[in-house]
Amino acid sequence: MKIDMHVHLEEGPYSNRFFKKTIKSIYEIEGKKDKRSIYDMTEKSELFLKRMQEGDYSEWWMDHYLKAAIKNEVKVVGIIDHLYRFYEAKQYYKKYMDISKSKDGKIQARWLNQVMWHYIDDFIHLVESQKEKWASYGIELRVGIEVDYFDGVDEELKNLLEPYEFDYVVGAVHFNDGLMISNPKLLPTFEKIKIEHLYETHYKTTELAIESGLFDMMAHLDNIKILGKVDELQLLYLYEEIAKSLKTHDVVCELNAGMRYHTKLKEVSPSKKFVQIIARHGVPFTTSSDGHFPNDLGKYNKNMRRILRDVGVDEIVGFNKREREYFSLTGEDTTDKHMGTQSNKNENEETPHILRMCREF
């Protein structure tokens, strides 16, 4: 059974790439062909204008994700957003991010101003308002949040999240000593630091996040590798510590496809070796595309399920009102023992029923 528990409705950078990705996504979902004519360019500009006018928190934009879920036969979808997108978290990030007057601080302050322009209640209300509609197409919709963890923030973060009702809360470590590891403009600073030290501090913070009790699952555990890879033999002791912590504190591990198509690494996160160790400790898993556009939804899901089956995992986890749901991985796509749902098509097939649902929009 296909589930995708890590899907975003938008994120920059707001550049020409954002325009291209938006149009490509709409064209793929709508089955449009790029004719590269003057009429086609007019249609693209009109579509992009509509996208910007409607915004990412709109039923029109979410319908594209629904169409993608129908097309790819994904039965459970978790829509999440980054905590740094919300005004309510402004003081949190100003306190723990480097937004000083230094060169790196100015880069991050500018970035934060570009991405932080929503309210949490608006996000939750949008996704909740669409659940019934998605359910009518046989798809369970969930709402979550992806939260940056910094050392020593447990009580502060608990108080920040407490007023809101999410189906699940995702922990993530995107920062190393206050600097975002995925911001290419900060790479010169990270290159001055010994890569082994970056890994050690990353996993120390990750372990603290797991121990905090704040998170239902942890996202992309080894995203630190975007700063440079280290021989995994040197990392096995860190993998073991993280796996033990996940098991001890009963936190789900996400298998995330994002690095395979967002970065040059072309591999899922965690790595296959890391997954093997985590699975050996009996830690539950979930699957995620880390999509940021509708056509990302469900990407590499079949590949990830295969990776999990290869290491002996026979079920994956979803969430509903902070409670777990379990879905079978036994066989290629067999009757789900918990939900009674059947999915006997392979990854890229579309049944007439699915095509009919897509045409209803």
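Just so we're clear, the structure is a prediction, and the values are computed from it rather than from any experiment. (Residues numbered from 1 in each chain as written. Predicted model: local features only at pLDDT ≥ 70, side-chain atom pairs only at ≥ 80, totals over all residues. Heavy atoms only, no water.)

Undergrad: Now, about the pairing of strand 1 (residues 2-7): what can you tell me, with residues and values included?
TA: Side chains on a regular strand alternate between the two faces of the sheet. By the criterion of burial, strand 1 is predominantly enclosed, with six of the six residues buried. Where strand 1 and strand 2 (residues 74-82) come together, four bridges link them in parallel fashion. Its bridge partner lying in strand 2, K2 is registered against V74. (Buried < 20%, exposed > 50% of the residue type's maximum accessible area, 1.4 Å probe, protein only. Helix = DSSP H or I, 4+ residues; strand = E, 2+ residues; numbered from the N terminus. Pairing = 2+ DSSP bridges.)

Undergrad: Can you explain the packing of aromatic side chains? Please cite residues and give values.
TA: For the structure shown, the criterion picks out 26 aromatic pairs. For the pair Y84 and Y93, a centre-to-centre distance of 6.1 Å together with 75° between the ring planes defines the contact as edge-to-face. Taking the centre distance of 6.2 Å and the plane angle of 85° together, the rings of Y149 and F215 count as edge-to-face. Here F215 lies in the loop between helix 9 (195-211) and strand 7 (217-218) and Y149 lies in the loop between strand 3 (140-148) and helix 7 (154-161), a separation of 66 residues in the sequence. Looking at Y149, the relative accessible area reads 3%, which means it is buried. Under the relative-accessibility criterion, F215 is labelled buried at 6%. Connected via pairs of aromatic rings, a cluster forms that spans Y84, Y92, Y93, Y96, W111, F150 and F175. Above the ring of Y27, the side-chain terminus of K44 is found at 5.8 Å from the ring centroid. In this structure, R51 is placed above the aromatic ring of W61, and the distance from its NZ or CZ to the ring centre is 4.4 Å. (Phe/Tyr/Trp six-rings, centres within 6.5 Å; stacked < 30°, edge-to-face > 60°. Lys NZ or Arg CZ within 6 Å of the ring centre and 35° of its normal.)

Undergrad: Explain the nonpolar core to me, and be specific about the residues and the numbers.
TA: Formed by 114 residues in total, the largest nonpolar core has its most connected members in V77, L83, Y93, F123, L157 and L246. If one sorts the elements of this core by residue count, helix 3 (residues 59-71) sits on top with eight residues. Not counting the four nearest positions on each side in its chain, L246 is found in contact with I210, M218, L221, V251, C253, I278 and V283. (Core = buried A, V, L, I, M, F, W, Y, C linked by side-chain atoms within 4.5 Å. Contact = heavy atoms within 4.5 Å.)

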